[in-house]
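These are the residues of each chain, in order.
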Amino acid sequence: MKDYKHMHLVNDFTLLEEKKRLVEELGKGASKSIHPNQQQRQHYKTNELIRTYANEGVELLLSPQGMERRRKDHTFFDTRAGELKMTCDIVEGDNIRVVHQVLQSMTIQSILKQKLNMDDISCLHTYIKSQDGRNIKAEHSEEIIETLRGTTVIDYPVLVLSSTPLDKRWRTEEHMKFDNDSDDSDSSISSSSSDSDSSDSDLSGIADDADITIDIN
């Protein structure tokens, strides 16, 4: 690490910024391909979905349009049933299954039985993976919307199954703080990059104007 200089950091930051720009352009490109009226309807549905989750005490964050996780999401508010029909990730080890049409009033047990044909789950530990870094213990008899209350969801819920108890956090508070600190330092790094570019151009100008004298003996 002692050989890792400031310019290395700037170069790495520039690379990450370029990747971020490409991802954002992909998301914008997907949005532009949608008819304006359809785009307005999607915007309305998105806001309604966020409000519906918020009314249940759940913070919903959405990926940009066109991203894979957003494309998989079929969550909607069923006006006839009067409740959400959600998409869910069910994670067991390295196996991730995406299930749809999960009513918010369904219990964890009924979800696993109906969607995965799992009859005996007495030995399983079930958790909701909150995007604020917590593993929220889910009782088998509890409705999924009850377990989700107070959590943060990206696009749709993640239900984790384990044969052994999990830690209370899947991402430590130290890591979460590091993520926040990294976001706060982005602007200062960007400023340093601009100053560095300015200094380089000044030095380049000096080099161009300087007289070069070579003595030949």
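Residues numbered from 1 in each chain as written. Predicted model: local features only at pLDDT ≥ 70, side-chain atom pairs only at ≥ 80, totals over all residues. Heavy atoms only, no water.

Asker: Please explain the overall build of the protein as it appears in this structure.
Answerer: Counting its secondary structure elements, the protein contains 6 helices and 8 strands. Put simply, the protein runs from its N terminus to its C terminus through helices and strands in the order α-α-β-α-β-β-β-α-β-β-α-β-β-α. Evaluated residue by residue, the protein yields a buried proportion of 30% over its 217 residues. Across the protein, the fraction of contacts at a sequence separation of at least 24, relative to all contacts at a separation of at least 6, is 57%. (Helix = DSSP H or I, 4+ residues; strand = E, 2+ residues; numbered from the N terminus. Buried < 20%, exposed > 50% of the residue type's maximum accessible area, 1.4 Å probe, protein only. Contact = heavy atoms within 4.5 Å.)

Asker: Can you walk me through the nonpolar core in this structure?
Answerer: Note that soluble globular proteins tend to have their nonpolar side chains buried in a common cluster. Membership of the largest hydrophobic core comes to 27 residues, with the highest contact counts inside it found for Ile 90, Leu 112, Ile 144 and Leu 148. Those elements giving two or more residues to this core turn out to be helix H2 (36-55), strand E3 (83-92), strand E4 (95-103), helix H4 (108-116), helix H5 (144-148) and strand E8 (158-162). Every residue in contact with Leu 112, bar those within four places of it in the chain, is listed here: Ile 90, Asn 117, Met 118, Ile 121, Thr 126, Leu 159 and Leu 161. (Core = buried A, V, L, I, M, F, W, Y, C linked by side-chain atoms within 4.5 Å.)

Asker: Please clarify how unusual backbone geometry should be interpreted in this entry.
Answerer: Negative phi characterises most residues that are not glycine, and trans characterises most peptide bonds. For Gln 101, which is not glycine, the phi torsion reads 60 degrees and is therefore positive. Mapped onto the elements, Gln 101 comes out in strand E4. Judged by its relative accessible area of 42%, Gln 101 falls in the partly exposed class. For Asp 155, which is not glycine, the phi torsion reads 70 degrees and is therefore positive. Structurally, the position occupied by Asp 155 is in the loop between strand E7 (152-154) and E8. Residue class for Asp 155 comes out buried when judged on its relative accessible area of 0%.

Asker: Looking at this model, I keep getting lost on the environment of Gln 131. Mind explaining?
Answerer: Tracing the sequence through the fold places Gln 131 in the loop between strand E5 (125-129) and strand E6 (135-137). Taking the C-alpha atoms as reference points, Gln 131 and Trp 170, separated by 39 residues in sequence, lie 9.2 Å from one another.

Asker: Explanation requested: the environment of Thr 151 in the structure shown.
Answerer: Relative to the helices and strands, Thr 151 resides in the loop between H5 and E7. Accessibility expressed as a relative area gives 2% for Thr 151, which makes it buried. Residues Thr 151 and Glu 59, 92 residues apart in the sequence, show an inter-C-alpha distance of 6.4 Å. Once residues lying within four places of it in the same chain are set aside, the contact partners of Thr 151 are Gly 57, Val 58, Glu 59, Ile 128, Ser 130, Arg 134 and Ile 136. Within the local environment of Thr 151, its side chain forms a polar contact with the backbone oxygen of Leu 148, the two atoms lying 2.5 Å apart. (Polar contact = N/O pair within 3.5 Å; in protein donor to acceptor, adjacent residues only side chain to side chain.)

Asker: Mind showing me how you'd approach the pairing of E8 here?
Answerer: Residues in a regular strand project their side chains so that they alternate between the two faces of the sheet. Burial runs high along E8: 5 of the 5 residues are buried. The two faces of E8 match: Val 158, Val 160 and Ser 162 on one face and Leu 159 and Leu 161 on the other face are all buried. Here E3 runs beside E8; their pairing, made up of 4 bridges, is parallel. Bridged to Ile 90 within E8 is Leu 159. Looking at chain direction, E5 and E8 are connected through 4 bridges and run antiparallel. When the sheet's bridge partners are listed, Tyr 127 is paired in E8 with Val 160. (Pairing = 2+ DSSP bridges.)

Asker: Is there a simple way to think about the pairing of E4 in this case?
Answerer: Bridge count between E3 and E4: 7 bridges; the pairing is antiparallel. Across the sheet, the residue bridging to Met 86 is Val 102, located in E4.

Asker: I tried to follow the environment of Glu 24 on my own but got confused; where do I start?
Answerer: Assignment of secondary structure puts Glu 24 in helix H1 (residues 6-32). According to the relative accessible area criterion, Glu 24 is partly exposed, its value standing at 39%. In sequence terms Glu 24 and Pro 64 are 40 residues apart; their C-alpha atoms lie 7.6 Å from each other.

Asker: Would you mind showing me how to read the pattern of salt bridges here?
Answerer: Between side chains of opposite charge, a pair can form as their charged atoms come close. What the rule picks out here adds up to 8 salt bridges. Between Arg 149 and Glu 56 there is a salt bridge, with the nearest N and O atoms lying 2.7 Å from each other. Taken together, the residues span a long stretch of sequence, with Arg 149 in the loop between H5 and E7 and Glu 56 in the loop between H2 and strand E1 (59-61) at a distance of 93 residues. The residue Glu 68 makes a salt bridge to Lys 72 at a minimum N-O spacing of 3.5 Å. Pair noted here: Glu 68 and Lys 72 are both in helix H3 (residues 68-72), with a separation of 4 residues, about one helical turn. One network of salt bridges, in which partners are shared, links Arg 69, Asp 89 and Asp 155. (Salt bridge = Lys/Arg side-chain N within 4 Å of Asp/Glu carboxyl O.)

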